[in-house]
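# Tertiary structure, described
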Amino acid sequence: MASALDMALQPITSILGHAHTGIGCPRIANRRQFLGLATTIAVAPALLLPRKSFASTARPDEIDAGFWLSARSVRLVRPNTSQRIELTYWRDGAYLDDAYSELCFFLLDRRERLAVQMAPAVFDLTFATQRWFELATGKRATTTITDAYRTNRTNVLVGGAELSAHKVGAALDGLLDNVTLPTYAAMLLRFSAGGVGLYPRHVHWDVGRNPVFWRSSQAE
Ligand SMILES: [Zn+2]
């Protein structure tokens, strides 16, 4: 039986295929690309990640059956331009086209000023960790996005993996404000939504493949 999370993450295959064509974000050329992502060595998260933080408490959707049914909002900032966005992108069982499109443009490749149709599940994962933080601390959550969509050229320039999920709009880099990087990685891993990478100054999270964790001492 599909869990609520499975259903929440399922739109990466169902929504991208049809519902968001023609809203301004170019179609992803080949989503199969990231199914075969090259990854560095996966290690046991428990050996590297903190145990005694709220990341080890129950996931919000594990204690609230209605978690994925209530409105989904995110609050994001891109530090290089100080651009901020705060919006509700899912409500009453559907992604909201205008908000979804705004998010895609907010997460564009800054170097080439190109946006792509992002995987909705990467928004859901970001939303879920924000809500978790808010429920645990009583404070507003903001996710700082240091990198998002990358064109092939940008990906080459920054030394990204050849099959990087950034190239298909299925990955984000950044941090959850007021949360350590290892704790944020632990929170993301708890959703088993895809890849989570722990870097010196950011966390990478992507969706649409089997869960994998890696740690890197390199910038990207
Ligand atoms: Zn990344």
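Residues numbered from 1 in each chain as written. Predicted model: local features only at pLDDT ≥ 70, side-chain atom pairs only at ≥ 80, totals over all residues.

Right, let's get into helix α8 (residues 181–189). The buried count for α8 comes to 7 of 9 residues, which makes it a mostly enclosed element. The complete set of buried residues in α8 reads Thr183, Tyr184, Ala185, Ala186, Met187, Leu188 and Leu189. (Buried ≥ 20, exposed ≤ 12 C-beta atoms within 10 Å, placed from the backbone. Helix = DSSP H or I, 4+ residues; strand = E, 2+ residues; numbered from the N terminus.)

Moving on to the confidence of the model for the protein. Per-residue pLDDT for the protein has a mean of 82; in total, 75% of the residues score no lower than 70. Predicted confidence for residues 1–41 stays below pLDDT 50, and this span has 74 contacts to residues more than four positions away or in other chains. (pLDDT = per-residue confidence, 0-100. Contact = placed C-beta atoms within 7 Å.)

Proteins that are soluble and globular tend to have nonpolar side chains buried together. Core analysis: the biggest nonpolar cluster contains 48 residues, and Met118, Val122, Leu125 and Leu188 have the highest contact counts within it. Of all the elements in the fold, those that place two or more residues in this core are β1 (72–78), β2 (83–91), α5 (97–106), α6 (120–137), β5 (171–176), α8, β6 (195–198) and β7 (203–206). Top element by residues in this core is α6. It accounts for 8 residues. (Core = buried A, V, L, I, M, F, W, Y, C linked by C-beta atoms within 7 Å.)

Tracing the sequence through the fold places Glu112 in the loop between α5 and α6. In this structure, the C-alpha to C-alpha distance between Glu112 and Thr151, residues 39 residues apart in sequence, is 7.7 Å.

Attention shifts here to α5. Looking only at α5, the buried set comprises Tyr100, Leu103 and Cys104. All buried residues of α5 lie within an arc of 100 degrees about the axis, which places them on one face of the element. Elements in contact with the buried residues of α5: β2, β3 (94–95) and α6. (Arc of directions from axis to C-beta.)

Judged by pairing direction, the sheet is mixed, and its 8 strands sit side by side in the order β3-β2-β1-β4-β5-β7-β6-β8 without closing on themselves. Two strands lie at the open edges of the sheet, namely β3 and β8 (212–215), each paired on one side alone. As defined by bridge partners, strand β4 (residues 143–147) adjoins β5 across 4 bridges and the pair is classed as antiparallel. The partner of Thr143 across the bridge, within β5, is Leu176. (Pairing = 2+ DSSP bridges.)

A few words on the pairing of β6. Burial along β6 is two-sided: Gly195 and Gly197 facing one way and Val196 and Leu198 facing the other are all buried. Across 4 bridges, the pairing between β6 and β8 is parallel. Residue pairing across strands places Gly195 opposite Val212, the latter belonging to β8. The sheet contact formed by β6 and β7 spans 3 bridges and is antiparallel. Within β7, the position partnered with Gly197 by the bridge is His204. In this antiparallel pair of consecutive strands, β6 and β7, the connection spans 4 residues.

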